Amino acid sequence: MESFSDPRQDLADAERAAAAPYVDYPPTPVWYPPAVGVWAGALVAVMGVDTDALRYASLAVLIGLEVLFIAWYRRQRGVTPSLRRAPREIAREMRLYAVWAVLVLLAVLGAYALNLVLAVVTATVLVTVGLTVYERRYARAAAATRTRLA
Amino acid sequence: MSLEGLDPVIHAPKRLAAMAVLANATSADFGFLRTHLDVSDSDLSKQMSALEKAGYVAVTKSSRGRGGVTTYRITRAGSTAYRRHLQALRAIVGTTTDALP
């Protein structure tokens, strides 16, 4: 080591870089929340298919679509953030989203007990709305993180 | 100022930034690191080669579409070295928090 920078500056730079996987990302496409909502609705609908072969084939198609989407998104974003060490502003949004996901699951299960169509609509609407809100809140949290670390 | 614990491979600012990104990501590709570090292709290649040579990052190259995608991930040794380096920096500045970026 021939020269040394300011260790405080090094730590600040490291903290900014550590936040980058969470806050440096391309704008989320507007079609993303409704597409995932429709996907969730389709997943619930598949559960109502009586024929085993058709149900499994449909599940395979839906899972395949999800895998393709994840691969595309990872390539678009260029980085896959760890879920364990998010900046505090974003970690809070992730926790809220997890709570929302559990509530959606319970609502869908409740609706499924009453009527399949109701469950499909519930899943589609709640997932779409939830993701739309989450994406907006995440963007605000990312902006707050960038400001804090600037 | 005690320099004990500082890792000479990680201490270079660009390599420290690359390690900080990779310590907080499952993986990151060449383009993301180049943009975030604001460096040229050749400079990033040089920095990442140094980290790879030290065993701190693993590289995966795939050919898809118009060109190959080079993806990096931090190794266990890299993760340990990065945390030790941060702890050493904190010791120097007298910070006691365990929270690591």
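Residues numbered from 1 in each chain as written. Chains lettered and ligands numbered in written order. Predicted model: local features only at pLDDT ≥ 70, side-chain atom pairs only at ≥ 80, totals over all residues. Heavy atoms only, no water.

**Student:** Sorry, what's going on with the overall build of chain B here?
**Tutor:** Check the secondary structure of chain B and you find five helices and three strands. Counted from the first residue to the last, chain B has its helices and strands arranged as α-α-β-α-α-β-β-α. Residues classed as buried in chain B amount to 45% of the 101 residues present. In chain B, the proportion of contacts linking residues at least 24 apart, taken out of those at least 6 apart, comes to 52%. (Helix = DSSP H or I, 4+ residues; strand = E, 2+ residues; numbered from the N terminus. Buried < 20%, exposed > 50% of the residue type's maximum accessible area, 1.4 Å probe, protein only. Contact = heavy atoms within 4.5 Å.)

**Student:** It is not clear to me how the overall build of chain A should be interpreted in this structure. Could you clarify?
**Tutor:** Per the secondary structure count, chain A includes five helices and one strand. When the helices and strands of chain A are listed from N to C terminus, the series reads α-α-α-β-α-α. Seen through its principal axes, chain A has C-alpha atoms that stretch 70 × 25 × 25 Å. Relative to its 150 residues, chain A shows a buried fraction of 34%. Pairs at least 24 residues apart make up 77% of the contacts formed inside chain A by residues separated by at least 6 positions. With the model as given, the accessible surface of chain A reaches about 8900 Å², and the carbon-plus-sulfur share is 67%. Positive and negative side-chain charges of chain A, numbering 16 and 12 respectively, have mean locations separated by a distance of 5 Å. (Areas by Shrake-Rupley, 256 points an atom, 1.4 Å probe, with all protein chains shown as cover. Lys, Arg positive; Asp, Glu negative; His and termini not counted. Charge placed at Lys NZ, Arg CZ, Asp CG, Glu CD.)

**Student:** Sorry if this is basic, but what is going on with the nonpolar core here?
**Tutor:** It is characteristic of soluble globular proteins that their nonpolar side chains tend to be buried jointly. Formed by 36 residues in total, the largest nonpolar core has its most connected members in Met19(B), Leu33(B), Met48(B) and Tyr82(B). Residue assignment for this core shows that the elements contributing at least two residues are helix H1 (7–23) of chain A together with helix H2 (13–23), strand E1 (25–29), helix H3 (30–37), helix H4 (41–53), strand E3 (67–74) and helix H5 (76–93) of chain B. For this core, the element with the most residues is H2(B), which contributes eight residues. Filtering out sequence-adjacent residues up to four positions away, Met48(B) remains in contact with Ala18(B), Leu22(B), Leu33(B), Val57(B) and Tyr72(B). Core analysis: the second largest hydrophobic core is formed by 22 residues, Ile90(A), Met94(A), Val104(A) and Ala111(A) among them. (Core = buried A, V, L, I, M, F, W, Y, C linked by side-chain atoms within 4.5 Å.)

**Student:** Is there a simple way to explain the interface of chain B and chain A in this structure?
**Tutor:** A common way to report how large an interface is uses the accessible area buried once the components associate. Facing the 29 residues of chain B at the interface are 26 residues of chain A. Both faces considered, chain B and chain A share a buried interface measuring about 2400 Å² in area, 64% of it formed by carbon and sulfur atoms. In this structure, the connection of chain B to chain A is made through zero salt bridges. Taken together, the elements giving at least two residues each to the side of chain B that touches chain A come down to helix H1 (8–11), H2, E1, H3, E3 and H5 of chain B. Here the element with the most residues in the side of chain B that touches chain A is H5(B); it accounts for seven residues. Of the residues contributing to the side of chain B that touches chain A, the split by class is 19 nonpolar, six polar and four charged. (Buried area = accessible area lost by both parts, 1.4 Å probe. Salt bridge = Lys/Arg side-chain N within 4 Å of Asp/Glu carboxyl O. Nonpolar A, V, L, I, M, F, W, Y, C, P; charged D, E, K, R; others polar.)

**Student:** Where do I start with the packing of aromatic side chains in this structure?
**Tutor:** Within a pair of aromatic rings, the relevant descriptors are the distance that separates the centres and the angle that separates the planes. Residues and elements named next belong to chain A. Per the stated rule, a full pass over the model turns up eight aromatic pairs over all chains. Between Phe69 and Trp72 the ring centres are 5.9 Å apart and the planes differ by 40°, which places this aromatic pair in the tilted class. A residue pair is termed a helical-turn pair when its members lie 3 or 4 positions apart in one helix, as Phe69 and Trp72 do in helix H3 (residues 52–77) at three residues. Taking relative accessible area as the criterion, Trp72 reaches 35% and is therefore assigned partly exposed. Between Phe69 and Tyr73, the aromatic rings sit 6.0 Å apart at their centres with planes inclined by 15°, giving stacked as the arrangement. Taken together, the residues Phe69 and Tyr73, both in helix H3 and four residues apart, mark about one turn of the helix. In this structure Tyr73 comes out as partly exposed when scored by relative accessible area, which is 23%. An aromatic cluster is built from Trp31, Tyr32, Phe69, Trp72 and Tyr73, whose rings are joined through pairwise contacts. Stacked on the ring of Tyr56, the Lys or Arg Arg55 has its end atom at 5.5 Å from the ring centre. (Phe/Tyr/Trp six-rings, centres within 6.5 Å; stacked < 30°, edge-to-face > 60°. Lys NZ or Arg CZ within 6 Å of the ring centre and 35° of its normal.)

**Student:** When you look at helix H4 (residues 88–114) of chain A in this model, what are you seeing that I'm missing?
**Tutor:** Each α-helix turn comprises 3.6 residues. Residues three or four places apart therefore point the same way. All names here are of chain A. When the terminal C-alpha atoms of H4 are compared, their 40 Å separation across 27 residues agrees well with the 39 Å that a helix rising 1.5 Å per residue should span. Of all the residues in H4, the buried ones are Glu89, Ile90, Ala91, Glu93, Met94, Val104, Val108 and Ala111. For H4, the secondary structure elements touched by its buried residues are H1, helix H2 (32–47) and helix H5 (116–149). (Expected span 1.5 Å × (residues − 1).)

**Student:** Just checking my understanding: could you explain the packing of H3(B) against H4(B) for this structure?
**Tutor:** When two helices pack together, their arrangement is given by the angle between the helix axes and by the axis-to-axis distance. All names here are of chain B. Packing of H3 against H4 brings their axes to within 10 Å, and their N-to-C directions diverge by 105°. When the axes of H3 and H4 are compared, the pair comes out roughly perpendicular. Contact with H3, carried on its side by Phe30, Leu33, Arg34 and Leu37, involves Asp41, Leu44, Ser45 and Met48 of H4 and no other residues of that element. The residue makeup of the contact of H3 with H4, split by class, is five nonpolar, one polar and two charged. (Axes fitted to C-alpha atoms, helices over the stretch in contact; angles between N-to-C directions. Parallel < 35°, antiparallel > 145°, perpendicular 65-115°, else oblique.)

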